[in-house]
Amino acid sequence: MEKKLWGGRFSEGTDQFVEEFTESVSFDKELALYDIKGSIAHARMLGKQGIIPKEDAEKIISGLEEIKREIEEERFEWKKELEDVHMNIEKALIQKIGDIGGKLHTGRSRNDQVITAFRLYLKEETQNIIELLKELKKALLKKAEETVDIVMPAYTHLQRAQPVRLAHYFLAYLEIYNRDEERFKDTLKRIDQMPLGSGALAGVDFPVDREMTAKELGFSEVMRNSMDATASRDVIIEFLSDCAICISNLSRQSEDLIIWNSTEFSFVELPDKLTTGSSIMPQKKNPDVLELIRGKTGRIYGDLVALLTIVKGLPMAYNRDLQEDKEPVFDAVRTLKGSIIGMTKIIEGLKPKKENMEKAAGGFALATDLANYLVRKGLPFRKAHHVVGQIVAYLTEQNRNLESITLDELKAFSDLFDKDAVDILDPYFVADARKSYGGTAKERVLEQINFWKKKLENV
């Protein structure tokens, strides 16, 4: 059995159950390269400050770089009995360069070491998520440009509401994902703070240069309080919250597209390469990618709740419970990145069925505009609403749609109707009447498209 690097205090070996129950290297080895990056910066600082001889620092850095290559080439042997990624790397370093390797841990604790590696990981993955969201936004913008001249019914309560241009829908989700991106960018400011040099919780009694280490690692600032630096996980909770909000938006759009792809709606066709078939029903073309995005949303919600639960009762400062902060984050990152990529591919490949959308955009989806016509003629809206409700009931009883009504029939309900009321029975005319800023009129949709083209052209 490997002798523990911290084993001097103990008179007997660790129970096998404890070895297995407490190990984290099986999952935190994902932080290996970030841990090495932090250790190299720490060793360089120790040498510069004269805390250890410069030649020892150089040997440590050389040994760490060799270990890094072994990890990248998958030649490194991970040992569960060494508990975690940090102890595995430190033990390997000592085996490579001798007792000099033990000097690396001067002026630091695993407490500030692990959260430094974790923050480096989060910085990189947050930026990766931001870049993926940018690609999704570009895909939505391109699809909006392609669908400006398609009108469809928008829905409230999953009932046909009012005609909108399909591009308006895609631009709505572009706005939504842009806010997701902004949330991650804002969280990144708080992730980008370096805890290294805080020790176990109280700081260290060596003349460390934390500013030097922060600059070496690319952190924008140093955390001011050593207890906060080692014990707090609120920024990780914030990151998971961003992930949860983002995937909730992806899930909502997935639901739209799943419904639109159904035979009953038949508004869009999904590309064959992003769907699957049935093992028994040859006619099936299942939207599995969208369904899995919708399903995986629960995983990220669970990841967020898990970490909230872990930290809710922890006394200051570090507690071993915080070992459990990593798996939820690793899971959320993998899940969210895959979901964003999946939605981007779906948006790029889906084909709207223009005729079906246009047909659905007519009928009683035009009723509000018929009421507004009467309002413009001077009738109070509530009375106009009542009149058009009577018209809808009248046509429903006869199993007719709104486009079939004649001017004479309209006049039977209100003498305010004139021949120009017939224009309202065109969903394109109705959509283009929404000229208010942010509306679905073609000129407004084109304004939105031009805005986003300028905004995203250099992204």
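Structural notes, computed from the coordinates. (Residues numbered from 1 in each chain as written. Predicted model: local features only at pLDDT ≥ 70, side-chain atom pairs only at ≥ 80, totals over all residues. Heavy atoms only, no water.)

### Remarks on helix H6 (residues 110–146)
Its 37 residues give H6 an end-to-end C-alpha distance of 54 Å, which sits within 8% of 54 Å, the value for a rise of 1.5 Å per residue. Burial of H6 is extensive: 27 of the 37 residues sit out of reach of the surface. Of the residues flanking the start of H6, the one acting as N-cap is Ser109, its side-chain oxygen 3.0 Å from the backbone nitrogen of Asn111. (Helix = DSSP H or I, 4+ residues; strand = E, 2+ residues; numbered from the N terminus. Expected span 1.5 Å × (residues − 1). Buried < 20%, exposed > 50% of the residue type's maximum accessible area, 1.4 Å probe, protein only. Polar contact = N/O pair within 3.5 Å; in protein donor to acceptor, adjacent residues only side chain to side chain.)

### Digging into the side chain of Arg165
Mapping Arg165 onto the fold places it in strand E2 (residues 159–165). Arg165 sits in the buried class, given a relative accessible area of 3%. Within the local environment of Arg165, its side chain forms a polar contact with the backbone oxygen of Val148, the two atoms lying 2.8 Å apart. Setting aside residues up to four positions removed in sequence, Arg165 forms contacts with Val148, Asp149, Ile150, Val151, Tyr428, Asp432, Thr440, Ala441, Lys442 and Val445. (Contact = heavy atoms within 4.5 Å.)

### Things to note about the nonpolar core
Formed by 82 residues in total, the largest nonpolar core has its most connected members in Phe239, Leu250, Trp260 and Leu336. Per-element tally for this core: the top contributor is H6, with 15 residues. Excluding its chain neighbours within four sequence positions, the residues that come into contact with Trp260 are Met152, Leu166, Tyr169, Phe265, Ser266, Phe267, Val268 and Met357. Grouped together as the second largest cluster of nonpolar side chains are 22 residues, Ile40, Met45, Ile61 and Val85 included. (Core = buried A, V, L, I, M, F, W, Y, C linked by side-chain atoms within 4.5 Å.)

### Observations regarding the pattern of salt bridges
Scanning the model with the defined rule gives 36 salt bridges in all. Among the ionic pairs, Asp56 bridges to Lys103, the shortest N-O distance being 2.6 Å. Residue Asp56 is found in helix H4 (residues 54–72), and its partner Lys103 is found in the loop between helix H5 (85–97) and H6; the two are separated by 47 residues along the sequence. Lys103 sits in the partly exposed class, given a relative accessible area of 32%. (Salt bridge = Lys/Arg side-chain N within 4 Å of Asp/Glu carboxyl O.)

### Re the pairing of strand E1 (residues 151–156)
For E1 and E2, the ladder comprises five bridges, and the chain directions are antiparallel. Bridge pairing in E2 links Thr156 to Gln159. Hairpin connection of E1 to E2: two residues between the antiparallel strands, including His157 at a positive phi of 60°. (Pairing = 2+ DSSP bridges.)

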